[in-house]
Amino acid sequence: MRLKISFLAMGALLAAGAAQAQQTANRPDPQDEPIAADSPKPFPDGDPSATAKAPPAPSGAVTEQALVVQTIPGMPPVPDIHNIYSEASGPDKLSPVVAHDLERIYVPNLRGNSVSVIDPKTYKVVDTFPVGRSPQHVVPSWDLRTLWVTNNSEGHTDGSLTPIDPLTGKPGKAIAVDDPYNMYFTPDGQNAIVVAEAHRRLDFRDPHSMVLKGSVEAPLCEGINHAAFSADGRYAIFTCEFGRYLAKVDTVNRTLLGMLKLSKGGMPQDVLAAPDGHKFYVADMHADGVFIIDGDSFRETGFIPTGLGTHGLYPSRDAKLLYVANRGSHMVHGPRHSKGSVSVVDMATDKVLKTWPIPGGGSPDMGNVSADGRTLWLSGRFDDVVYAIDTESGAMKQIPVGAEPHGLTVWPQPGRYSIGHTGIMR
């Protein structure tokens, strides 16, 4: 019996040694490891939220008893742990606060310094009004009561945010803000995050007055611009368009957690959380496809080839499909009538189901899906048009707008609150 036990022990030791060797062999190159980094610019001691600590739970943790996501304090609950977009699934999920808002498509014209307003029922422009210099996106506020035009004034210092009243569709007085390329809101609604692209910086501001609270700097994140939040709201992943990196930011303690260099490509664009809020999709305009990222471990886990110049990412209303806008060019300022297309990805399998080419060529960029999910609205960045795409057939209408339309928003959107960009709702 003693001899038998010794052989068993020896076998266990050999198996453990083999497993350890295999684990060492499979370990990634240290150069591919994420870079940990503290924020070089902490918040002032006078800001009480600057030192707030997240509850001691792993990101997106689900309790065994209640099967609920342990969100950050103040964030609305996540009703479906498998689908963070469940409360934005269709017209029946429209909030009472948007009940009387106009049904409109708001299109920022980057080179036209204006916003074109489209009536989605007639597919016609019904209004155009001037805004600040270089309007990039139209961003719904967290409380759904303001649509903010982010005028980042490329190459100048007079950036601003222009508020639009969704009840009337008319602009209000602009607020001076430094370099607002894009804007997001922490899921608890306590902060607007102005993405100061040229400065490689995130400015946390009051979500109403836009008074600056403090900043998080990301020195390696050249061209910081788009973001997506985890299921529990504890962190966000930002793309670095001109640096091949992703940046991970702690939204509670407001610090830079680390940087991840992508394996190929070099121009990460839009980023979207998958329905589980742990996996993330990252469009890369040079890689011509979508990277898959494990947000919790901050590792690249896969890649989906889609089309030339992959750029914008939007979920279908049931969160089963991912609409991928392929802009048709690797250039920042591309030509007209490029080989643009829209790919439809099954988010359960991460496989491309179909691809719709733009008739005659085009440059689909950014936008969103209609409240009923039947129409995908995208700006035609270098063709000065907006595409209205039937999500069943792929049939398209084109509506002429101003010069270089960019991050349009479709309003109203279903959902309880907006985390920003062109209306990513939860």
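See the structure shown above.
Since this is a predicted model, take the numbers as computed values, not measurements.

> Explain the nonpolar core residue by residue, including any values.
One broad trend across soluble globular proteins is that nonpolar side chains are buried collectively. Of all hydrophobic cores here, the largest spans 57 residues; its most connected members are Phe238, Tyr281 and Ile293. Here this core takes five residues from strand 15 (residues 235-240), the largest share from any one element. Excluding its chain neighbours within four sequence positions, the residues that come into contact with Tyr281 are Asp270, Val271, Leu272, Ala274, Val290, Phe291, Ile292, Ile304, Leu313, Leu322, Met347 and Asp350. Counting residues in each nonpolar core, the second largest holds 15 residues, with Tyr323, Trp356, Leu378 and Ile389 among its members.

> Give me the lowdown on the side chain of Thr186, citing residues and values where you can.
Among the structural elements, Thr186 can be located in the loop between strand 10 (182-185) and strand 11 (192-196). Among the polar contacts made by the side chain of Thr186, one reaches the side chain of Asp188 at a distance of 2.7 Å. Those residues in contact with Thr186, other than ones at most four positions away along the chain, are Trp142, Asn191, Ile193, Phe204, Phe229 and Thr251.

> So what about the packing of aromatic side chains? Which residues, and what values?
Under the defined criterion, the tally for this structure stands at six aromatic pairs. Plain terms: the ring middles of Tyr184 and Phe238 are 6.2 Å apart, the flat faces sit at 80° to each other, and that makes the pair edge-to-face. With Tyr184 in strand 10 and Phe238 in strand 15, this residue pair connects regions lying 54 residues apart in the sequence. For Tyr184, a relative accessible area of 1% puts it in the buried group. The lysine or arginine in question, Lys264, covers the ring of Phe303, its NZ or CZ lying 3.8 Å from the ring centre. Over the aromatic face of Tyr123 sits the side chain of Lys397, whose NZ or CZ is 5.2 Å from the ring centroid.

> Can you tell me about the environment of Gly90, naming the residues and giving the values?
You can see Gly90 is positioned in the loop between strand 1 (35-36) and strand 2 (104-109). Spatially, the C-alpha atoms of Gly90 and Ala371 are 5.7 Å apart, while their sequence positions differ by 281 residues. Sequence-distant contacts of Gly90, defined by excluding residues within four places in its chain, comprise Arg317, Ala371 and Pro414.

> Give a description of unusual backbone geometry that names residues and reports values.
Residue Pro412 is bonded to the preceding Trp411 through a cis peptide linkage, with omega at 0°. On the secondary structure map, Pro412 appears in the segment after strand 30 (409-411). Of note, the phi angle at Met210 is positive, near 65°, even though the residue is not glycine. Here Met210 lies in the loop between strand 12 (201-205) and strand 13 (212-217). If you check the backbone angles, Asp350 has positive phi at about 60° while not being a glycine. Here Asp350 shows up in the loop between strand 24 (341-346) and strand 25 (351-357).

> Pulling in residues and values, what's your account of the side chain of Ser95?
As for its position among the elements, Ser95 is in the loop between strand 1 and strand 2. Not counting residues within four places of it along the chain, the set of residues in contact with Ser95 comprises Leu144 and Gly415.

> If you had to explain the sheet that holds strand 18 (residues 268-273) to someone new, which residues and values would you point to?
What the four strands build is an open sheet, ordered 18-19-20-21; its pairing is antiparallel. Looking at strand neighbours, the two that pair on one side only are strand 18 and strand 21 (299-305), the edges of this open sheet. Sheet twist, expressed as the average angle between the axes of neighbouring strands with direction ignored, equals 25°. As paired strands, strand 19 (residues 279-284) and strand 20 (residues 289-294) are joined by six bridges and run antiparallel to one another. Bridge pairing in strand 20 places Lys279 opposite Asp294.

> Hey, could you go over the pattern of salt bridges for me, with residue numbers and the actual values?
Oppositely charged side chains may form a pair once their charged atoms are brought near each other. In this structure the tally under the stated criterion is 16 salt bridges. Close ionic contact of Lys93 with Glu87 constitutes a salt bridge, the shortest N to O distance being 3.4 Å. Classification of Lys93 by relative accessible area gives partly exposed; the value is 28%. According to the relative accessible area criterion, Glu87 is buried, its value standing at 17%. Connected via shared salt-bridge partners are Arg111, Glu154, Arg327, Asp365, Arg381 and Glu404.

Analysis parameters
- Residues numbered from 1 in each chain as written.
- Predicted model: local features only at pLDDT ≥ 70, side-chain atom pairs only at ≥ 80, totals over all residues.
- Heavy atoms only, no water.
- Core = buried A, V, L, I, M, F, W, Y, C linked by side-chain atoms within 4.5 Å.
- Buried < 20%, exposed > 50% of the residue type's maximum accessible area, 1.4 Å probe, protein only.
- Helix = DSSP H or I, 4+ residues; strand = E, 2+ residues; numbered from the N terminus.
- Contact = heavy atoms within 4.5 Å.
- Polar contact = N/O pair within 3.5 Å; in protein donor to acceptor, adjacent residues only side chain to side chain.
- Phe/Tyr/Trp six-rings, centres within 6.5 Å; stacked < 30°, edge-to-face > 60°.
- Lys NZ or Arg CZ within 6 Å of the ring centre and 35° of its normal.
- Pairing = 2+ DSSP bridges.
- Axes fitted to C-alpha atoms, helices over the stretch in contact; angles between N-to-C directions.
- Salt bridge = Lys/Arg side-chain N within 4 Å of Asp/Glu carboxyl O.

By themselves, these are just geometric observations and shouldn't be taken as functional.
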